[in-house]
Amino acid sequence: MKRRLYKGTDYRRAHSIDELREVARRRVPNFCFEYVEGGSDDEVTLKRNRSVFEEIGFVPRTLVDVSARSQAIDLFGKPSAAPFMIGPTGFSGLLTREGDLALARAAASAGIPYILSNASTMRLEDVVRRAGGRVWMQLYLYRTRDYAARLVDRMQAAGVEALVVTTDSAIFGNREWDRRNYARPLKLDLRNTIDVMLHPRWIFDVLVPHGVPRFANLGDMLPPGQDSVQGAASAISKELDPSLNWSDIRWLRDIWPGKLIVKGVMCAEDAVSAVNTGADGIVLSNHGGRQLDGAVSSMEILPEVAAAVGGRLTVMLDGGFRRGSDIVKARALGADAVLLGRATTYGLAAGGEAGVAHAINLLKTEVDRVVGLLGCSDLSQLDAGYIRWPGHPEVSGNSAPCFEEKKRVTPAPVRRFAAETPLEKEVLS
């Protein structure tokens, strides 16, 4: 019988993130799925983000007691139940009603942080109040700095734990496949219009009775009446600031008292600059392959960056994570935590909050299994000694195993029994 992934519509039958992706594809209109799925230009970086994990192999230990295992980590002085979190994904309200809240609640229930997108369709105050847990928020530094200052004040008043400033979008990437869904800007073509009508469950979940979702945290910047997901695109593009530089990060550091994380770092030099500007953390990111096509993956620069900053700030990364084994590889190479984008968004599109919870549980289970099979009882003690990466000998080595070496026990002598027959005498001699 030919192998095939589950291609139904019940997220509970998905055994992997890839199967959740197939469920999501069927439950939402094509234009929504394409927005989540697509990359820029020829999608070289999008593919590279996934293929890099196939290059990295594990070197497991054996005969280690792994009956008690832990994947919990410490993140900015607070415990986190897993080495990953939900990263910022815009337009979540187009996938299901109150999509941002569904993501935040699932993260809170799982004991991991959630990063609310700047392009969310729910007010940050409502998400923090209704979701609980650890809520961080993403910020784009648009031309209107007063908008950023006001949003920072709102974050502080609401109790947002960390501010994540995205720095790799001063110019929009060329997302051709996304644009192909439209006959003209913001107007779906005939094929996609018909496709929307073939998704009545989505229509009654998302569009009825309030119509197209609206951006809830961009109102201070957008012109009156242009805060809908459809109408805001042109206004936002005009607000992108190509002059963005490290002095803007220093300004943000001065006005934000909480944890400051710079997202979009892709080289060791910039990681050191983040340290020098007072950032508490960085996210190595090529924006999920949606900005500069041909950029390296964040995994490829992770060892170099981790060595350059030397524990002076928290190192996180995103890009292509679909399996618990991917997350474990990142930890072994020096990452403190991983941000999930499409993986949990597939869960959201496939089954709302419950679908997100299912995605998180799949990955938690996989991380636990991989850690055990590696012969390591605690993820926090993992290192590059468990990794082999052809072409990258600097990340592999004869590191000490992640368990404490037990006192060597001298094997008991083999008990020899008296031979009873000539044949036994010959065998035992």
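Report follows, based on the coordinates. (Residues numbered from 1 in each chain as written. Predicted model: local features only at pLDDT ≥ 70, side-chain atom pairs only at ≥ 80, totals over all residues. Heavy atoms only, no water.)

1. Focus on the packing of aromatic side chains
Step number 1: Applying the stated rule across the entire model yields 8 aromatic pairs.
Step number 2: The interplanar angle of 75° and the centroid separation of 5.3 Å between the aromatic rings of Phe 91 and Phe 215 together place this pair among those described as edge-to-face. You can see Phe 91 sitting in the loop between strand E4 (84-86) and helix H4 (99-110) and its partner Phe 215 sitting in the loop between helix H9 (200-207) and helix H10 (232-239), a full 124 residues away along the chain.
Step number 3: Among the aromatic side chains, those forming a connected cluster through ring pairs are Tyr 35, Phe 91 and Phe 215.
Step number 4: For the cation-ring pair, Arg 12 lies above Tyr 11, with the distance from its terminal atom to the ring centre recorded as 5.9 Å.
Step number 5: In this structure, Lys 329 packs its charged tip against the face of Phe 58, placed 5.2 Å from the ring centre. (Phe/Tyr/Trp six-rings, centres within 6.5 Å; stacked < 30°, edge-to-face > 60°. Helix = DSSP H or I, 4+ residues; strand = E, 2+ residues; numbered from the N terminus. Lys NZ or Arg CZ within 6 Å of the ring centre and 35° of its normal.)

2. Notes on the pattern of salt bridges
Step number 1: Tallying each qualifying case throughout the model produces 21 salt bridges.
Step number 2: Here Glu 300 ties to Arg 48 by a salt bridge, and the two come within 2.8 Å at their closest N and O atoms. Note that Glu 300 is positioned in helix H13 (residues 298-309) and Arg 48 in helix H3 (residues 44-55), a separation of 252 residues in sequence.
Step number 3: Take Glu 300: its relative accessible area is 21%, and that puts it in the partly exposed class.
Step number 4: For Arg 48, a relative accessible area of 31% gives the class partly exposed.
Step number 5: Note that Arg 145 is salt-bridged to Asp 248, the shortest N-O span being 2.9 Å. One end of the pair, Arg 145, is in helix H6 (residues 145-158); the other, Asp 248, is in helix H11 (residues 246-255), with 103 residues separating them in the sequence.
Step number 6: One network of salt bridges, with partners in common, ties together Lys 7, Arg 21, Glu 22, Arg 25, Arg 26 and Glu 37. (Salt bridge = Lys/Arg side-chain N within 4 Å of Asp/Glu carboxyl O. Buried < 20%, exposed > 50% of the residue type's maximum accessible area, 1.4 Å probe, protein only.)

3. Concerning the packing of H4 against helix H5 (residues 124-131)
Step number 1: Between H4 and H5, whose axes approach to 9 Å, the crossing angle comes to 35°. Pair H4 / H5 crosses with right-handed handedness. Touching Asp 100, Leu 101, Ala 104, Arg 105 and Ala 108 of H4 are Val 127, Arg 130 and Ala 131, all from H5.
Step number 2: Grouping the constituent residues of the contact of H4 with H5 by class yields 5 nonpolar, no polar and 3 charged. (Axes fitted to C-alpha atoms, helices over the stretch in contact; angles between N-to-C directions. Left-handed = near helix turned anticlockwise from the far one by under 90°. Contact = heavy atoms within 4.5 Å. Nonpolar A, V, L, I, M, F, W, Y, C, P; charged D, E, K, R; others polar.)

4. So, the packing of helix H12 (residues 268-276) against H13
Step number 1: At their nearest, the axes of H12 and H13 sit 9 Å apart, and the two run at 35° to each other. The crossing of H12 and H13 is right-handed. Of the residues in H13, those touching H12 at Ala 268, Ala 271, Val 272 and Val 275 are Glu 304, Val 305, Ala 308 and Val 309.
Step number 2: Per-class residue counts for the contact of H12 with H13 are 7 nonpolar, no polar and 1 charged.

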